[in-house]
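Observations on chain architecture
One-letter residues, chain by chain:
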Protein chains: 2
Amino acid sequence: MKTLALIGFGNIGKKVFKLVSEASDLSLSSIVSSQNFDSSLPVYKNIKDIPHADLAILCTPSRLTPSLAEDLLARGISTVDSYDIHSDIYDVRRRLDAIAKANKAVAITAAGWDPGTDSIIRTLFEAMAPKGKSYTNFGPGKSMGHSVAARAIKGVKDALSITVPAGQGLHKREVYIILEEGSNFEEVSKLIKADPYFAKDDTKVRQVEDLSEFDSPGHGVWLERQGPGIEGVKHSFEYKMRANNPALTAQILVSAARAALKQEPGCYTMIEIPPLDFLEGGKEENIRRLV
Amino acid sequence: MKTLALIGFGNIGKKVFKLVSEASDLSLSSIVSSQNFDSSLPVYKNIKDIPHADLAILCTPSRLTPSLAEDLLARGISTVDSYDIHSDIYDVRRRLDAIAKANKAVAITAAGWDPGTDSIIRTLFEAMAPKGKSYTNFGPGKSMGHSVAARAIKGVKDALSITVPAGQGLHKREVYIILEEGSNFEEVSKLIKADPYFAKDDTKVRQVEDLSEFDSPGHGVWLERQGPGIEGVKHSFEYKMRANNPALTAQILVSAARAALKQEPGCYTMIEIPPLDFLEGGKEENIRRLV
């Protein structure tokens, strides 16, 4: 049985805790959280204090994740994370790759649903129709990464970002914010729209008193690719997902943990991992059942 | 540039020929076919006569494929095939694995759309919802494997098998046959229904004079998985594909050829291959673009 550390005990961390507790092939040995709560496991405030584990599942905000992963990998603790800043993923992968290899550990980064399982679908669709055109349409649903990014803006007390599909891979952002006392809405709105998370999209910011009426854990994606027609038959590929967002991310992190324990040292994105490795159970049984 | 041999020049083989001829990263060096035709490449009747190649793409009937792959692997020529008899895939994989390893070659078997890319989707859906339930609904469309199997039955002059989705993963087979002179329809029908390709499905056999009116290269699949609901949000995953059947199989074989040239010696099914490896182009560029 491999020992796992859980880093972060928020929305996703709590769901990872539940999944790993129910799993027969994984065992949680410690938790890192800034919050105080009762637990049968030792809870640490700082990752430096945790005892050695085979792997750590990082359920921390994306911006904190790479340096936490570096610290863990440097101790020979493998990591999985759902880092989601698309433009920086390759560079994070490269940084973690060097440290992982030097310390005989494995890192899987960007292991969520997008980036993550959607990336696998995009790759697979391209293998089936190299000359086609793909569109990823998100939502409607709350984006956790974008909500955290909006919350981190100076003057924002709390925020919620909803992704709305606009067709052909475009999407709008609707950001609901509660202002810090004394801060100016126009200034805060400008800062949010200039943030790398929002700069490329049509972003609307609205000031509200209560976020709960806009809050649902549901999210979804519709991924489509059209290839050129051949002999009168058009090639078309579609993938649709609807799920509880943090619950799906938590499940993908746990599946990525299973995969990480099977890889050679280094850092990987999900498209670099054999899909079979994400599953529990024997290789032969799974191949016989799924192929 | 890697050299490729094309084994078989039927429906799929001709499309593989076109795809490889247009590719900038692959080069065809020989063809094996029992038919006579003009070609700028050397055409051989027997695989024993082909010069060494890095890899051979097998576009031969499934039942002939494993032993042809064995002969090629024994010469150190890597192979990809779209062997599609689900119940035997694991055993074929095991046979080819030993020979591939002994001769430092790579085999990818069952590389079509089902088994093949559908297998990857089934695996991915299970990684996202381990407790869910998956259904693979085929068609409507011609099944090449089933048509070949029906054609191989004693008394059948020509045959065409159409797969019709019956919901929740069940499907019906409609087999249109032209009888050999002097053979008995009832006997032939019984033999078809008892064949491993048809024995598990609701199979209807119909005698016709002309197959062409039932013949279309279009095929499709609808793959669905439902996971348990969490906090009022149901988890649901769907994949739909519609394509020219031999053209899609040909493309998947070519993508598998690219992947085979990147693997360590041994035999693999598609779910054992990192999806990124199926693509042409640089690793960094593809990760930046697709993750």
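Residues numbered from 1 in each chain as written. Chains lettered and ligands numbered in written order. Predicted model: local features only at pLDDT ≥ 70, side-chain atom pairs only at ≥ 80, totals over all residues. Heavy atoms only, no water.

Attention now moves to the environment of Glu181(B). Position of Glu181(B) among the secondary structure elements: in the loop between β10 (170-179) and α6 (185-194). Separated by 24 residues in sequence, Glu181(B) and Lys157(B) place their C-alpha atoms 8.2 Å apart. (Helix = DSSP H or I, 4+ residues; strand = E, 2+ residues; numbered from the N terminus.)

Below, the discussion takes up the domain arrangement of chain A. Where interface size is given, it is often the accessible area lost as the parts come together that is meant. Residues and elements named next belong to chain A. Domain boundaries assigned for chain A yield domain 1 (2-114 + 245-290) and domain 2 (132-228). Relative to domain 2, the C-alpha centre of domain 1 lies at a distance of 26 Å. Contact residues are listed per partner, giving 11 residues for domain 1 and 13 residues for domain 2. Carbon and sulfur atoms supply 60% of the area that domain 1 and domain 2 bury against each other, a total of about 920 Å² over both sides. Per-residue buried area on domain 1 facing domain 2 is highest for Arg-63, Trp-113 and Asn-245; these three make up 54% of the total on that side. We note a salt bridge from Arg-63 to Asp-195, for which the minimum N-O separation is 3.3 Å. On the surface where domain 1 and domain 2 come into contact, there are four residue pairs in polar contact (both at pLDDT 80 or more). Here the side of domain 1 that touches domain 2 gets three residues from one element, more than from any other, and that element is helix α7 (residues 245-260). (Domains from an automatic or database assignment. Contact = heavy atoms within 4.5 Å. Buried area = accessible area lost by both parts, 1.4 Å probe. Salt bridge = Lys/Arg side-chain N within 4 Å of Asp/Glu carboxyl O. Polar contact = N/O pair within 3.5 Å; in protein donor to acceptor, adjacent residues only side chain to side chain.)

The next point concerns the nonpolar core. Membership of the largest hydrophobic core comes to 180 residues, with the highest contact counts inside it found for Val16(A), Ile57(A), Ile108(A), Tyr239(A), Val16(B), Ile57(B) and Tyr239(B). Once residues lying within four places of it in the same chain are set aside, the contact partners of Tyr239(B) are Phe125(A), Met128(A), Phe237(A), Glu238(A), Asp118(B), Ile121(B), Phe125(B), Val221(B), Trp222(B) and Leu223(B). (Core = buried A, V, L, I, M, F, W, Y, C linked by side-chain atoms within 4.5 Å. Buried < 20%, exposed > 50% of the residue type's maximum accessible area, 1.4 Å probe, protein only.)

The subject of this paragraph is the side chain of Asn286(B). Counting through the fold element by element, Asn286(B) comes out in helix α8 (residues 283-290). The exposure class assigned to Asn286(B) is buried, which follows from its relative accessible area of 2%. Residues within four places of Asn286(B) in sequence aside, it is in contact with Glu126(A), Leu276(B), Leu279(B), Glu280(B), Gly281(B) and Val291(B).

Mapping chain B onto chain A calls for a screw motion: a turn of 180° about the axis and a shift of 0.0 Å along it, with 0.1 Å RMSD after fitting. Interpreted geometrically, this transformation is the action of a two-fold axis. Most of the interface of chain B is mirrored in chain A, where 100% of its interface residues are also at the interface. (Least-squares fit on C-alpha atoms with pLDDT ≥ 70 in both.)

Another point: unusual backbone geometry. Each neighbour pair has its own omega, and for Gly139(A) with Pro140(A) the value is 0°, a cis peptide bond. Within the secondary structure, Pro140(A) sits in the loop between β7 (133-138) and β8 (141-142). The phi angle at Glu231(B) is positive, at roughly 50°, despite the residue not being glycine. Position of Glu231(B) relative to the elements: it lies in the loop between β12 (218-230) and β13 (233-244). A relative accessible area of 53% means that Glu231(B) is categorised as exposed.

In total, this model carries 12 aromatic pairs over all chains according to the counting rule given. Ring geometry for Phe9(B) against Phe37(B): centres 4.3 Å apart, planes inclined by 10°, an arrangement best described as stacked. One end of the pair, Phe9(B), is in the loop between β1 (2-7) and α1 (11-22); the other, Phe37(B), is in the loop between β2 (26-32) and β3 (43-44), with 28 residues separating them in the sequence. The class for Phe37(B) is partly exposed, based on a relative accessible area of 26%. In textbook terms, an aromatic cluster arises when at least three aromatic residues are bridged by ring pairs, as seen for Phe9(A), Phe17(A) and Phe37(A). (Phe/Tyr/Trp six-rings, centres within 6.5 Å; stacked < 30°, edge-to-face > 60°.)

On to the interface of chain B and chain A. The interface is formed by 62 residues belonging to chain B together with 63 residues belonging to chain A. Buried area between chain B and chain A, both sides added, is near 5300 Å², and the carbon and sulfur share of it is 64%. Summed over the shared surface of chain B and chain A, the number is 10 salt bridges. Linking Lys283(B) and Glu272(A) is a salt bridge whose minimum nitrogen-to-oxygen distance equals 3.8 Å. On the surface where chain B and chain A come into contact, there are 24 residue pairs in polar contact (both at pLDDT 80 or more). In terms of residue count, β13(B) provides more of the side of chain B that touches chain A than any other element does, 12 residues in total.

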